[in-house]
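Each chain, written out:
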Amino acid sequence: MSNRYAEGITLSDTPPAAEPRVALLVDYPALLRAVRATDPDAVPRLSDLVRRAATLGPVFVARAYGAWYDVDEASTAFNAGLDPVFVPPVGPGSVPTMSSLIADGLSLIRSGQVQALALSGDDRLLPLMAAARAEGMPIALIAHSCAPDGPCLKLADSAERAAAFARGQTRAERYRRTTNVA
């Protein structure tokens, strides 16, 4: 009995290039502000954000940073494929979501766990984007609210405004009672 490859099958010298693992990081309060800037009743299409990030490669991590006191809102994010990351407020109306997002993003870059970033936020993303660019990573701004002439757009390979990911509230969403965790 012979242990040979069939005729014509050869072992490749170079392995196929793997798709980059993507980190989708969303500053949820910034996303809500951007979506509601044109329509105060608009809500983000979170599943579309996740699908858009997946066009860059397999999504390794998908996180949305916020205070997440509304259980229905957190459940909606989770059902769309985002892990709601609770960021506790440091004072009235002050939730340091961007600080947490940047710290996690830098950790993912430095550990080599991801090779591409899909980000949703505003110009405060600059330190994370600069670090990713220094590593040669592709960066996509998805549902962003960066200034049109700001530095973040210059570092991004692609950019889509938050308004492109907005939809109107359903009747059920409009009239539901908010269920607070606290």
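Structural data are supplied above this passage.
Residues numbered from 1 in each chain as written. Predicted model: local features only at pLDDT ≥ 70, side-chain atom pairs only at ≥ 80, totals over all residues. Heavy atoms only, no water.

Caption draft 1: Highlighting the sheet that holds strand 5 (residues 116-120). The strand order across the open sheet built from six strands is 4-3-1-5-6-7, with neighbouring strands paired in parallel fashion. In this open sheet, the two strands that pair with only one neighbour each are strand 4 (83-86) and strand 7 (158-161). For this sheet, the mean angle separating the axes of adjacent strands, direction not counted, is 20 degrees. In the sheet, strand 3 (residues 59-66) pairs with strand 4 via four bridges, with the strands oriented parallel. If you follow Arg63 over to strand 4, its bridge partner there is Asp83. (Pairing = 2+ DSSP bridges. Helix = DSSP H or I, 4+ residues; strand = E, 2+ residues; numbered from the N terminus. Axes fitted to C-alpha atoms, helices over the stretch in contact; angles between N-to-C directions.)

Caption draft 2: The arrangement of the pattern of salt bridges in detail. The full count for this structure, using the stated rule, is seven salt bridges. For Arg45, the salt bridge is made with Asp48, and the minimal N-O distance between the two is 2.4 Å. A residue is classified by how much of its surface remains accessible, and Arg45, at 27% relative accessible area, is partly exposed. For Asp48, a relative accessible area of 18% gives the class buried. Each of the salt bridges in this network shares a partner with another, and the network as a whole consists of Asp27, Asp122 and Arg124. (Salt bridge = Lys/Arg side-chain N within 4 Å of Asp/Glu carboxyl O. Buried < 20%, exposed > 50% of the residue type's maximum accessible area, 1.4 Å probe, protein only.)

Caption draft 3: Spotlight on the packing of aromatic side chains. Under the definition given, this model contains two aromatic pairs. Between the aromatic rings of Tyr69 and Phe86, the centroid separation amounts to 5.7 Å while the plane-to-plane angle is 75 degrees, which identifies the pairing as edge-to-face. Taken together, the residues span a long stretch of sequence, with Tyr69 in the loop between strand 3 and helix 3 (71-79) and Phe86 in strand 4 at a distance of 17 residues. On the basis of relative accessible area, Tyr69 is assigned to the partly exposed category, the value being 34%. Take Phe86: its relative accessible area is 44%, and that puts it in the partly exposed class. (Phe/Tyr/Trp six-rings, centres within 6.5 Å; stacked < 30°, edge-to-face > 60°.)

Caption draft 4: The nonpolar core, seen in detail. By size, the foremost hydrophobic cluster in this structure holds 27 residues, and its most contacted members are Leu24, Leu31, Leu82 and Ile142. Of all the secondary-structure elements, those providing two or more residues to this core are strand 1 (22-27), helix 1 (28-35), helix 2 (46-54), strand 3, helix 3, strand 5 and strand 6 (139-144). Take this core: its biggest share by element is five residues, from helix 1. Those residues within four positions of Leu31 in sequence are excluded, and the remaining contacts are Val26, Pro44, Leu46, Leu49, Ser120, Ala143 and Ala162. (Core = buried A, V, L, I, M, F, W, Y, C linked by side-chain atoms within 4.5 Å. Contact = heavy atoms within 4.5 Å.)

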